[in-house]
Amino acid sequence: TDWFEVFPREQVYVMMLEEHVKDELSSINSITDFLEIPRFGDEKLSEFLEQHMVRNSLRDDKRIPYILPETMAILEEFFKPFLRDLAELLGDDKWNYKL
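Numbers given to residues run from 1 along each chain, matching the order in which its sequence is written. Since the coordinates come from a predicted model, pLDDT governs what is reported: local features require at least 70, and pairs of side-chain atoms require 80 or more to be given and counted, while whole-chain, interface and lining totals use all residues. Side-chain measures were taken over the full set of non-hydrogen atoms in the model, leaving aside hydrogen atoms and water.

Turning to the overall build of the protein chain, a few remarks are in order. Put simply, DSSP H or I for four residues or longer makes a helix, DSSP E for two residues or longer makes a strand, and each gets a number counted from the N terminus. Each helix and strand counted, the protein chain has five helices and zero strands in total. Helices (α) and strands (β) of the protein chain occur, in sequence order from the N terminus, as α-α-α-α-α. Residue exposure (1.4 Å probe, protein chains only): buried if accessible area is under 20% of the type maximum, exposed if over 50%, otherwise partly exposed. Out of the 99 residues in the protein chain, the part that is buried amounts to 14%. Nonlocal contacts in the protein chain, meaning residues at least 24 apart in sequence, comprise 34% of its contacts between residues at least 6 apart. Looking at the protein chain as shown, the accessible area adds up to about 8,400 Å², and 57% of this sits on carbon and sulfur atoms. Any two residues whose heavy atoms approach within 4.5 Å are treated as being in contact. Only the protein chains shown count as cover for residues, with accessible areas throughout obtained via the Shrake-Rupley method and a probe of 1.4 Å.

Pasting the structure below:
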């Protein structure tokens, strides 16, 4: 909540990485809309993203897990209260996706 003591809620934009990875064009358009700046043309933006593409392990269904399942379970348990707080703060239940 410290951020909202300095900035009004309508000046803070929060996005899940998974949303961006799933649809980069839409997520970038959402950011430009939030900033109230002109959108990039879809063709130009697609070209830029293709040129600067980094292999994303979230898209690779054949990847070797880079984190042990036991470690993931510990991290998920640790972050549960923080995700609950974030969901409440933003008024958006999607942040409770792992709870």
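Next, the rest of the story.
Turning to the packing of aromatic side chains, a few remarks are in order. Aromatic rings from Phe, Tyr and Trp, with only the six-membered ring used for Trp, were paired whenever their centres fell within 6.5 Å, and each pair was classed as stacked if the ring planes differed by under 30 degrees, edge-to-face if by over 60, and tilted otherwise. As enumerated under the stated definition, the model contains four aromatic pairs in all. Considering the side-chain rings of F78 and F79, the 5.0 Å spacing of their centres and the 90° angle between planes classify their relative orientation as edge-to-face. We classify F78 as partly exposed; its relative accessible area is 48%. Taken together, F78, F79 and F82 form an aromatic cluster joined through their ring pairs.

All quantities given are derived from atomic positions and should not be read as evidence of function.
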